[in-house]
Amino acid sequence: MAAAGAATTAALQLDYLSSEEIASQSSSWWRNVLGVVGFEKLPAIDGAQAPITASMTPSLGVKDSLCEVWRVAGPEVRMADGAARPSRVHYRFCEELLFGSITLEERSVDGNSGALVRATEIAYREIFGVLKETEHRHLIRIWNYLPEINREADGDERYRHFNSARQLAFRDSGRAALSTVPAASALGSPAGSPISIYFLAGRQPPRMIENPRQTSAYHYPPKFGRHSPMFSRACVLSEPKGTNLFVSGTASIVGHETIHAGDVAAQTRETMANIAALLDEANRVVGSARYSLDGLKFKVYVRQPTDLGAIERALAGSLRSSTSVVYLQADVCREDLLVEIEATGESAGRQAV
Ligand code: 3EB
């Protein structure tokens, strides 16, 4: 076993910090870091002991150097870094949890879809290879950022080509069983960006959660693409020190149809109704009212920066002003969707490190 002897007491924590705040952290703080994600570009962080990546989606807030930091609590946590075999995946793990990232340039000469399909297959094959190697077999949460996600290539949207390649990769690794698909987000980055994928995996499987208001994405009808997207609406991870909730990218979809096309405020309210329904499901699954909207940390993907004010006003109707919300500019994977929101809920008994 790759991390034999490591303590079994991880509690996963998420923080949003500027790269300046990260630079001022002590080496003992770094010992508990699983991974760091910058938004617009790769953050300039010296001496990092953990994988550093970027989604390539610009932030719309005040701090343009904001980063997402995944950490496990407890001074007794022992980490290991990934390099057991050659891999394009950068990863770091403790006993229960693994963070990894991979970025790939599409080498397309003529703008056709072949390069995206190949890159997606390679990325997922490499990710599944690492999970097998380290025995963190269960993909919990994955974030997919693809340049020009809505552009047509070979008669189909690039997001749909991605879905075909992703589904094939799940099948090839024997992961097509629908009870084991991770929570996910899939967003569009600007032309010329690399494909950027990062993920959390675990030794124990999370519990998948679906939304009673929505068709499961893996059951979308063929009009949304020949191969359905492989993700669950949310999942709950139980750890010795508590639980974590991962809410997938969520949009203004009821059943399988987009609703409120052209009305960003109504789309935002519908999205929050979907997330509230997922929280009810999550609380039912964990058997207590552990999660509430205001206790989550949100990432809001805004297609058109000019919609930011309307989205903020709509969110003020359901969230306290103290709630953690990061706004990013990204294309959403249906042309008629103007906003997508994801969220993370942390352990009830969170402890300071
Ligand atoms: C949706 O509900 C909106 O393809 O991994 C949200 C989250 C969406 C994840 C994915 C897509 C994905 O269909 C889009």
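Residues numbered from 1 in each chain as written. Predicted model: local features only at pLDDT ≥ 70, side-chain atom pairs only at ≥ 80, totals over all residues. Heavy atoms only, no water.

A.B. asks: Explain the nonpolar core here, please?
C.D. replies: If you look at the biggest cluster of nonpolar residues, it comprises 68 residues, and the most contacted ones within it are Leu34, Trp70, Ile127, Leu139, Phe199 and Phe246. Core analysis: the second largest hydrophobic core is formed by 27 residues, Ala234, Ile275, Leu278 and Val302 among them. (Core = buried A, V, L, I, M, F, W, Y, C linked by side-chain atoms within 4.5 Å. Buried < 20%, exposed > 50% of the residue type's maximum accessible area, 1.4 Å probe, protein only.)

A.B. asks: Whenever I open this one, the side chain of Asn283 confuses me. Can you help?
C.D. replies: Within the fold, Asn283 resides in helix α5 (residues 264–286). At a separation of 3.0 Å, a polar atom in the side chain of Asn283 contacts the main-chain amide nitrogen of Arg290. Only 2.8 Å separates the side chain of Asn283 from the backbone nitrogen of Tyr291, close enough to count as a polar contact. Aside from chain neighbours lying at most four places away, what touches Asn283 is Ser288, Ala289, Arg290 and Tyr291. (Helix = DSSP H or I, 4+ residues; strand = E, 2+ residues; numbered from the N terminus. Polar contact = N/O pair within 3.5 Å; in protein donor to acceptor, adjacent residues only side chain to side chain. Contact = heavy atoms within 4.5 Å.)

A.B. asks: Help me understand the layout of surface pockets in this model?
C.D. replies: It is the rolling of a water-molecule-sized probe over the atoms that shows where space remains empty. As a volume, the largest pocket reaches approximately 300 Å³. In terms of lining residues, the largest pocket is bounded by 25 residues, among which Tyr159, Tyr220, Ile253, Cys333 and Arg334 are the most central. Contributions of two or more residues to the lining of the largest pocket are made by α4 (158–172), β11 (183–189), β15 (242–250) and β17 (257–258). In the lining of the largest pocket, the residues fall into 11 nonpolar, six polar and eight charged. One number sums up the size of the second largest pocket: a volume of about 240 Å³. (1 Å grid on protein atoms, 1.4 Å probe; cavity = no way out; pocket = protein on both sides within 12 Å on 5 of 7 lines; lining within 4 Å. Points joined across faces, edges and corners; volume = space filled by probe spheres on them. Nonpolar A, V, L, I, M, F, W, Y, C, P; charged D, E, K, R; others polar.)

A.B. asks: Even after reading the chapter, I still don't get the environment of Asp110, so can you show me in this structure?
C.D. replies: Tracing the backbone shows Asp110 in the loop between β7 (97–104) and α3 (114–134). Asp110 gets classed as exposed once you look at its relative accessible area, which sits at 54%. Along the primary structure Asp110 and Ala153 are separated by 43 residues, whereas in three dimensions their C-alpha atoms are 9.9 Å apart.

A.B. asks: Is there a simple way to think about empty space enclosed by the protein in this case?
C.D. replies: The tally for this structure, following the rule as stated, stands at one cavity of 30 Å³ or more. Taken as a whole, the largest cavity spans an internal volume of roughly 40 Å³. In terms of lining, the largest cavity is formed by Tyr16, Glu68, Trp70, Trp143, Lys297, Phe298, Lys299, Glu342, Ala343 and Thr344. Of all elements in the fold, only β4 (66–72), β18 (297–302) and β21 (339–345) reach the threshold of two or more residues within the lining of the largest cavity. When grouped by side-chain class, the residues that make up the lining of the largest cavity number five nonpolar, one polar and four charged.

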